[in-house]
Amino acid sequence: AQSVSQHNHHVILSEAASLELGCNYSYGGTVNLFWYVQYPGQHLQLLLKYFSGDPLVKGIKGFEAEFIKSKFSFNLRKPSVQWSDTAEYFCAVSTSGTYKYIFGTGTRLKVLA
Amino acid sequence: GAVVSQHPSRVICKSGTSVKIECRSLDFQATTMFWYRQFPKQSLMLMATSNEGSKATYEQGVEKDKFLINHASLTLSTLTVTSAHPEDSSFYICSAREGRGNYGYTFGSGTRLTVV
C-alpha cells in the first residue's frame, strides 16, 4: 500500500535558522507531490506542488522542495525561518490517474522569536 | 483564490443523534469533494470521494451507512454522521477540486465533532 512518511514530528527552531522537513513516500509509479501548511486555528493551505519538470519547486513564503526520485523523497526547505512559520506541515502524495491524496502524519514546527 | 467554507466549525451532540456537516465551494464549481477525518496527532485519513450527482466512493473500512455523503450540487457536499457514538468524535475536513485538474485542492477549515 502507498504511504507517506514524515519522520520529524516536532521541530523547534530559532528565528533565522534553516529548515528542512523530510518526506518520503512509497510508490513506484508516477506521483504528484504536495506540501500543505496549517497555521494555528486555520485550514490547510497549499505551499507548493510538484507534477513534473524541474525537481526543485519554489512555493509561497520562501519555501522550496526538492523531488529526488531515486530516494522517493520530497523534502521541504526554507533558508531562514520566521516566527510566523510556526505551524503544522503536511506532505501529501497523489498517484497518477487518481485524485486521492495520501497524507503524511505532519510535522509541528515551532519557531522561537 | 478558491475558498471552501465548512460549517459548523464545532459541534457537540448526544450519542445516538445525527449531525450534518456542510462543505461549500464559494467561488468555483467543485466537481469532486473529499471528506477526511483527522485523529489527534495523526494524519488526515480519506473517508470518501464525493462526485456531484453520483454516489460517493468510500474508502475501505468506512461505513457508508454511518457516514452519509450527499453532493447534490456543484457547490455543496454534506456529510451526515448518523447515530453518533463517542468514538466518532474527531476532526472532519472537506476539500474540493475545481474542474478536472489536479492543481492542489482547497480545504475547508474543518469541523470538530464531539459526541457525548
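One structure accompanies this document, and this report is about it. (Residues numbered from 1 in each chain as written. Chains lettered and ligands numbered in written order. Predicted model: local features only at pLDDT ≥ 70, side-chain atom pairs only at ≥ 80, totals over all residues. Heavy atoms only, no water.)

## Topic: the pattern of salt bridges
Residues and elements named next belong to chain A. Which entries qualify depends on this criterion: Salt bridges, as used here, are contacts in which a Lys or Arg side-chain nitrogen is within 4 Å of a carboxyl oxygen on Asp or Glu. Every helix listed is a DSSP run of H or I at least four residues long, and every strand listed is a run of E at least two residues long, numbered separately from the N terminus. In this scheme, a residue with accessible area under 20% of its type's maximum is buried, one over 50% is exposed, and one in between is partly exposed, where area comes from a 1.4 Å probe on protein chains only.
Evaluated as defined, the whole model comprises eight salt bridges over all chains. The partner of Glu88 in a salt bridge is Arg108, and the shortest N-O contact between them spans 3.6 Å. Within this pair, whereas Glu88 is found in strand β10 (residues 87–95), its partner Arg108 is found in strand β12 (residues 107–112), the two being separated by 20 residues in sequence. For Glu88, a relative accessible area of 11% puts it in the buried group. One network of salt bridges, in which partners are shared, links Lys58, Glu64, Glu66 and Arg77.

## Regarding the interface of chain B and chain A
The cut-off we apply is this: The contact rule is simple, with two residues in contact once any of their heavy atoms fall within 4.5 Å. Defined in terms of a 1.4 Å probe, buried area is the accessible area two parts forfeit on being brought together, summed over both.
Facing 20 residues of chain B, the contacting portion of chain A comprises 18 residues. Summing both partners gives a buried area of about 1500 Å² for chain B against chain A, and 58% of it is carried by carbon and sulfur. The interface formed by chain B and chain A holds one salt bridge in total. The partner of Lys100 of chain A in a salt bridge is Glu59 of chain B, and the shortest N-O contact between them spans 2.9 Å.

## Here we look at the sheet that holds strand β8 (residues 76–81) of chain B
Strand pairs in the sheet, formed through backbone hydrogen bonds, run parallel or antiparallel to each other. Residue and element names in this part refer to chain B. Rule in force here: Two strands are said to pair when DSSP picks up at least two bridges between them. To get an axis, fit a line to the C-alpha atoms, keeping to the stretch in contact for a helix; angles then go from 0 to 180 degrees between the N-to-C directions.
In space, the four strands of this open sheet follow the order β1-β3-β8-β7, with antiparallel pairing throughout. Looking at the sheet topology across the chains shown, the edges are occupied by β1 (4–7) and β7 (67–73). Neighbour-to-neighbour, the strand axes of the sheet open up by a mean angle of 15°, direction not taken into account. Taken together, the four bridges between β1 and strand β3 (residues 19–25) define a ladder with antiparallel strand orientation. Its bridge partner lying in β3, His7 is registered against Glu22.

## What about the side chain of Thr49 of chain B?
Positionally, Thr49 of chain B belongs in strand β5 (residues 44–51). Judged by relative accessible area, Thr49 of chain B falls into the buried class, the value being 9%. Excluding anything up to four places from it in sequence, Thr49 of chain B contacts Lys100 of chain A together with Thr32, Met33, Phe34, Ala56 and Thr57 of chain B.

## Digging into the packing of aromatic side chains
Counted only if it meets this: Two rings from Phe, Tyr or Trp (for Trp, the six-membered ring) form a pair when their centres are within 6.5 Å of each other. A pair whose planes differ by under 30 degrees is stacked, one over 60 is edge-to-face, and the rest are tilted.
Taken as a whole, this structure holds 19 aromatic pairs over all chains when the rule is applied. Aromatic side chains Phe34 of chain A and Tyr101 of chain A sit 4.6 Å apart centroid to centroid with 25° between the ring planes, which places their arrangement in the stacked category. Pair noted here: Phe34 of chain A is in strand β5 (residues 31–38) and Tyr101 of chain A is in the loop between β10 and β11 (102–103), with a separation of 67 residues, a long-range link. The pair formed by Phe34 of chain A and Tyr101 of chain A is uniform in burial state, with each residue classed as buried. Geometrically, the ring pair formed by Tyr36 of chain A and Phe107 of chain B is edge-to-face, given 5.0 Å between the ring centres and 80° between the ring planes. Residue Tyr36 of chain A is found in strand β5, and its partner Phe107 of chain B is found in strand β10 (residues 106–107); the two belong to separate chains.

## A look at unusual backbone geometry
At the junction of His7 of chain B and Pro8 of chain B, the peptide bond is cis and its omega measures out at 0° in the coordinates. Structurally, Pro8 of chain B is set in the loop between β1 and β2 (10–13). For Lys61 of chain A, which is not glycine, the phi dihedral falls at a positive 60°. Tracing the sequence through the fold places Lys61 of chain A in the loop between β7 (56–58) and β8 (64–68). Residue Lys61 of chain A is classed as partly exposed on the basis of its relative accessible area, which comes to 45%. A positive phi angle, close to 45°, is found at Ser83 of chain B, a residue other than glycine. Topologically, Ser83 of chain B is positioned in the loop between β8 and β9 (90–98). In this structure Ser83 of chain B comes out as partly exposed when scored by relative accessible area, which is 36%.

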